[in-house]
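The primary structure of each chain is shown beneath.
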Amino acid sequence: MTRRPLRLLAIDLTAKGFGFALLDAKLGLLDWGFSAVPATDDTVFMTRVVARIDRGRPTAIVLENFAPTKGRENALRRRDLVIGLATDRRIGMCHVSRKIVQRILVASTKTAIARNLASRFPELQSRVPPERKRWMNEDERMHIFDALSFAVVVITPDHEFENR
């Protein structure tokens, strides 16, 4: 039996939907985007996640490893839904913390991480949001970079970013 090459579907769960990135070890970045989903509509959420899985055929799903905190109930519920879906479909699961992303990508802010990733994936150059001010809401495009950062950490050896 031959193994399929590593193909990761990374999902960044938010209160307004989810950002996603499909990264293949050999082919590179295949798909990315943000899907707006109402917080109360898990059926639409699952339909859209299943569509991403069916379209991309990932070997693993990557999610953020976050602790339960007030205000993250929606993300926790949806994280459990994705984990159940991955289990049912026999798709691998990975969890990545933001601290690991910051260490591997050698960047301490989301904007720096987005710029770092845009330099590695030129097709995303036009998607890098402007630096956010404290009073501004986070740009939905940032969730694409959050998801991609999770996948890059899983798929890239540590030493590749150390020399940058």
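What counts, and at which threshold
- Residues numbered from 1 in each chain as written.
- Predicted model: local features only at pLDDT ≥ 70, side-chain atom pairs only at ≥ 80, totals over all residues.
- Heavy atoms only, no water.
- Buried < 20%, exposed > 50% of the residue type's maximum accessible area, 1.4 Å probe, protein only.
- Helix = DSSP H or I, 4+ residues; strand = E, 2+ residues; numbered from the N terminus.
- Pairing = 2+ DSSP bridges.
- Axes fitted to C-alpha atoms, helices over the stretch in contact; angles between N-to-C directions.
- Contact = heavy atoms within 4.5 Å.
- Salt bridge = Lys/Arg side-chain N within 4 Å of Asp/Glu carboxyl O.
- 1 Å grid on protein atoms, 1.4 Å probe; cavity = no way out; pocket = protein on both sides within 12 Å on 5 of 7 lines; lining within 4 Å.
- Points joined across faces, edges and corners; volume = space filled by probe spheres on them.
- Nonpolar A, V, L, I, M, F, W, Y, C, P; charged D, E, K, R; others polar.
- Parallel < 35°, antiparallel > 145°, perpendicular 65-115°, else oblique.
- Left-handed = near helix turned anticlockwise from the far one by under 90°.

**Some words on the pairing of strand S2 (residues 17–24)**
Thinking step 1. Judged by how many residues are buried, S2 sits mostly within the fold: eight of eight residues are covered.
Thinking step 2. Inspection of the sheet shows strand S1 (residues 7–14) paired to S2 by eight bridges, in the antiparallel sense. For Ala-10, the partnering residue across the bridge sits in S2 and is Ala-21.
Thinking step 3. Hairpin connection from S1 to S2: two residues lie between these consecutive antiparallel strands.
Thinking step 4. Hairpin connection from S2 to strand S3 (residues 28–36): three residues lie between these consecutive antiparallel strands.

**A few points about the sheet that holds strand S4 (residues 60–64)**
Thinking step 1. Pairing is mixed in the open sheet, where five strands are placed in the order S3-S2-S1-S4-S5. Edge strands, defined here as strands with exactly one partner in the open sheet, are S3 and strand S5 (92–96). When the angles between neighbouring strand axes are averaged without regard to direction, this sheet yields 20°.
Thinking step 2. Set on the sheet, helix H2 (residues 73–89) makes contact with S1, S2, S4 and S5; between it and S4 the angle comes to about 165°.

**So, the pattern of salt bridges**
Thinking step 1. Throughout the structure, instances matching the rule amount to ten salt bridges.
Thinking step 2. A salt bridge links Arg-98 to Glu-64; the shortest N-O distance between them is 3.2 Å. Separated by 34 residues along the polypeptide, Arg-98 in helix H3 (residues 98–105) and Glu-64 in strand S4 bring together distant segments of the chain.
Thinking step 3. Under the relative-accessibility criterion, Arg-98 is labelled partly exposed at 27%.
Thinking step 4. On the basis of relative accessibility, which here comes to 9%, the residue Glu-64 falls in the buried class.
Thinking step 5. For the salt bridge of Arg-98 with Asp-146, the shortest nitrogen-to-oxygen distance reads 3.4 Å. Of the two residues, Arg-98 is situated in helix H3 and Asp-146 in helix H5 (residues 142–155); the sequence distance between them amounts to 48 residues.

**Thoughts on the layout of surface pockets**
Thinking step 1. Empty space within the largest pocket amounts to approximately 330 Å³.
Thinking step 2. Those elements giving two or more residues to the lining of the largest pocket turn out to be S1, H2 and H5.
Thinking step 3. Ranked by residue count, the leading element in the lining of the largest pocket is S1, at three residues.
Thinking step 4. Along the lines of polarity and charge, the residues of the lining of the largest pocket split into four nonpolar, five polar and nine charged.
Thinking step 5. Considering only enclosed or pocket space, the second largest pocket measures out at about 170 Å³ in volume.
Thinking step 6. Forming the walls of the second largest pocket are Lys-110, Thr-111, Pro-129, Pro-130, Glu-131, Arg-132, Met-136, Asn-137, Glu-138, Asp-139 and Met-142.
Thinking step 7. By residue class, the composition of the lining of the second largest pocket is four nonpolar, two polar and five charged.

**Here's the deal with the packing of H3 against helix H4 (residues 110–120)**
Thinking step 1. Direction vectors running N to C along H3 and H4 enclose 50°, while the axes themselves pass 11 Å from each other. Of the possible angle classes, the one that applies to H3 and H4 is oblique. Handedness of the H3/H4 crossing: left-handed. Where H3 abuts H4, its residues Arg-98, Val-101, Gln-102 and Leu-105 lie against Lys-110, Ile-113, Asn-116 and Leu-117.
Thinking step 2. Within the contact of H3 with H4, the residues separate by chemical class into four nonpolar, two polar and two charged.

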